[in-house]
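The lines below spell out each chain.
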Amino acid sequence: MAEITASMVKELREKTDAPMMECKKALTEAGGDMVKAEEILRVKLGNKATKAAARVAAEGIVAIHVAGDGKLGSIFEINSETDFVAKNDEFIKLAADCARLVAEKAPADVAALSALPLGDGTVESTRTALVGKIGENMSARRFVRVAAKGKLASYIHGGSRIGVLVDVVGGDEQLAKDIAMHIAASKPKALDSSGVPAELLDTERRIAIEKAREAGKPEAMLEKIAEGTVQKYLKDVTLLGQVFVKAEDGKQTIEQLLKARGASVAGFTLYIVGEGIEKKVNDFAAEVAAQAAAAAGNK
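These remarks concern the structure in this document. The residue count restarts for each chain, going from 1 along the sequence in the order it is written. Local features in a predicted model are, by the rule used here, given only for residues with pLDDT of at least 70; side-chain atom pairs are given and counted only at 80 or more, and totals for whole chains, interfaces and linings are based on all residues. By convention in this description, side-chain values take in all heavy atoms of the structure and omit both hydrogens and water.

Quick word on the overall build of the protein
When helices and strands are counted, the protein shows twelve helices and eight strands. Buried residues are those whose accessible area, probed at 1.4 Å on protein chains only, stays under 20% of the maximum for their type, while exposed residues exceed 50% and partly exposed ones sit between those limits. Of all 299 residues assigned to the protein, the portion counted as buried reaches 39%. Secondary structure follows DSSP: runs of H or I at least 4 residues long count as helices, runs of E at least 2 residues long count as strands, and numbering of each begins at the N terminus.

Laid out in structure tokens, this is it:
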């Protein structure tokens with residue numbers, strides 16, 4: 001019998017999107033013949049999974065699970081190709097199950113989550129079966145598990161496209177809910193200035209200097225102008241520096257609000273579905289123009 005290597009299993013998995021164990025079984029049954037093994041998997045799973053695996057999944061939903069006492073929770077993103085599938089009940093259930101498993105089992109990463117038992121199989125076999133049934137690629141993307149220092153509050157917005165999990169120490173339930181809603185609306189990049197990547201600050205500083213230079217400002221003032229710009233940027237992108245969206249005077253910051261209520265935020269996670277995933281954008285007008293030009297050239 002031909003030896004079934006890890007690279008063979010990996011290659012078949014990439015072709016079919018089938019679970020690794022199913023790929024190994026198919027290769028064993030096929031005596032190492034890749035083409036025959038792919039046919040075996042198509043019989044078992046249908047050919048939908050094979051076609052779907054290569055397509056970009058940039059839609060989807062965010063699911064959140066918080067334990068009854070608010071001390072333990074998780075936030076999880078799963079992607080699909082279209083927002084239509086993101087409304088599918090089985091897809092939504094898979095997302096909720098995964099969020100619960102993250103909180104309960106504390107998997108190290110997406111691969112570990114995929115291997116956890118779910119239903120009659122695993123998370124991965126459930127996902128693959130759903131891909132075959134619906135005919136769209138879908139993938140577990142990321143998650144965070146939180147053991148709260150205070151109490152967790154969550155907020156889901158925009159048809160589950162935006163999710164927030166925030167750890168609030170002190171205050172009350174309404175305050176925690178307000179903070180979660182604020183995060184969803186204002187989308188801070190970090191809790192405070194220490195969490196903002198240095199490269200973002202460097203970019204803001206360079207832009208400010210160039211703008212000031214083009215405006216004819218004296219060289220001696222450029223650094224001071226840049227520092228002022230950076231400080232304004234930090235107020236805009238840090239949770240504590242942002243003006244509370246429900247502030248009656250339009251001035252009270254989240255930091256001031258928390259201080260007035262004897263509370264603090266230990267941390268937060270904000271997920272926006274598809275953020276950072278490069279989508280393929282079809283330029284219909286350009287495509288028509290190219291086809292017209294090609295047709296003219298063939299005359």
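A look at the pattern of salt bridges
When a carboxyl oxygen of Asp or Glu is within 4 Å of a side-chain nitrogen of Lys or Arg, the pair counts as a salt bridge. For the structure on display, the rule yields 16 salt bridges. Put simply, Arg142 and Glu77 hold a salt bridge, and the shortest N to O gap is 2.6 Å. In this pair, Arg142 is assigned in strand E5 (residues 138-147) and Glu77 in strand E2 (residues 72-80), connecting sequence segments 65 residues apart. In this structure, Asp97 engages Arg100 in a salt bridge whose closest nitrogen and oxygen atoms are separated by 3.7 Å. Note that Asp97 and Arg100 are positioned in helix H5 (residues 89-105) at a spacing of three residues, about one turn of the helix. By relative accessible area, Asp97 is classed as buried at 13%. You can call Arg100 partly exposed: its relative accessible area is 26%. One salt-bridge network, in which partners are shared between bridges, spans Lys93, Asp97, Arg100 and Glu104.

Digging into the pairing of strand E1 (residues 59-66)
Pairing of E1 with E2, which is carried by eight bridges, proceeds in the antiparallel orientation. Bridging across to E2, Val66 finds its partner in Gly73. Strand pairing is assigned whenever DSSP detects at least two bridges linking the two strands.

Focus on the environment of Arg205
With respect to the helices, strands and loops of the structure, Arg205 is situated in helix H9 (residues 198-214). Other than its neighbours up to four places away in sequence, Arg205 contacts Glu223, Ala226, Glu227 and Val230. By definition, residues are in contact when any of their heavy atoms lie within 4.5 Å.

Examining the sheet that holds E5
Strand order in the open sheet formed by three strands is E1-E2-E5, with antiparallel pairing between adjacent strands. Where the open sheet ends on each side, the last strands, each with one partner, are E1 and E5. Across the sheet, the mean angle from the axis of one strand to that of its neighbour is 15°, orientation sign disregarded. Summarising the sheet, E2 and E5 pair through nine bridges and their orientation is antiparallel. Across the sheet, the residue bridging to Ser80 is Met138, located in E5. Note on method: axes are straight lines fitted to C-alpha atoms, helices fitted across the in-contact stretch only, with angles between N-to-C directions ranging 0 to 180 degrees.

A look at the sheet that holds strand E7 (residues 162-169)
Strand pairing within a sheet occurs via backbone hydrogen bonds; the two strands may be parallel or antiparallel. Ordered in space as E6-E7-E8, the three strands form an open sheet in which the pairing is antiparallel. Two strands lie at the open edges of the sheet, namely strand E6 (151-157) and strand E8 (264-272), each paired on one side alone. The sheet shows a mean angle of 15° between the axes of neighbouring strands, taken without regard to direction. With seven bridges joining them, E6 and E7 adopt antiparallel strand pairing. Bridge pairing in E7 links Ser154 to Leu165. Where helix H8 (residues 173-186) meets the sheet, it contacts E6, E7 and E8, and its direction lies at approximately 140° from that of E7.

Digging into the side chain of Glu124
If you trace the backbone, Glu124 turns up in helix H7 (residues 123-134). By relative accessible area, Glu124 is classed as buried at 10%. Side-chain atoms alone can form a polar contact between residues adjacent in sequence; in general such a contact is a pair of N or O atoms within 3.5 Å, and within protein one must be able to donate a hydrogen while the other accepts it. One polar contact links Glu124 to Arg127, side chain to side chain, over a distance of 2.9 Å.

Digging into H7
Helix span, expected: 1.5 Å multiplied by one less than the number of residues in the helix. Here H7 is twelve residues long and its end C-alpha atoms lie 16 Å apart, about the 16 Å a rise of 1.5 Å per residue gives. When H7 is considered as a whole, its buried residues turn out to be Val123, Glu124, Arg127, Thr128, Leu130, Val131 and Gly132. Backbone nitrogen of Glu124 and a side-chain oxygen of the N-cap are separated by 3.3 Å at the start of H7; the cap is Thr122.

Describing helix H2 (residues 20-29)
Taken together, the buried positions of H2 are occupied by Cys23, Ala26 and Leu27. Viewed end-on, H2 has its buried residues packed into an arc of 100°, placing them on one side of the element. Exposed side chains of H2 directed beyond 90 degrees from the buried face belong to Met21 and Glu29. A positive phi of about 65° marks Gly31, the residue just after H2. To obtain the arc, one takes the directions from the helix axis to the C-beta atoms.

So, the packing of helix H1 (residues 6-16) against H2
Close contact between H1 and H2 brings their axes to 9 Å; oriented N to C, the two are set at 110°. When the interaxial angle is binned, H1 and H2 end up roughly perpendicular. Pair H1 / H2 crosses with right-handed handedness. Across the interface between the two elements, Met8, Val9, Leu12, Arg13 and Thr16 from H1 touch Met20, Cys23, Lys24, Ala26 and Leu27 from H2. Only Asp, Glu, Lys and Arg are considered charged in this grouping, and only Ala, Val, Leu, Ile, Met, Phe, Trp, Tyr, Cys and Pro are considered nonpolar; every other residue, Gly among them, is considered polar. Considered class by class, the residues forming the contact of H1 with H2 number seven nonpolar, one polar and two charged. Angles below 35 degrees are treated as roughly parallel, those above 145 as roughly antiparallel, those between 65 and 115 as roughly perpendicular, and all remaining angles as oblique. In this scheme the handedness of a crossing depends on how the near helix is turned from the far one: anticlockwise by less than a right angle means left-handed, clockwise means right-handed.

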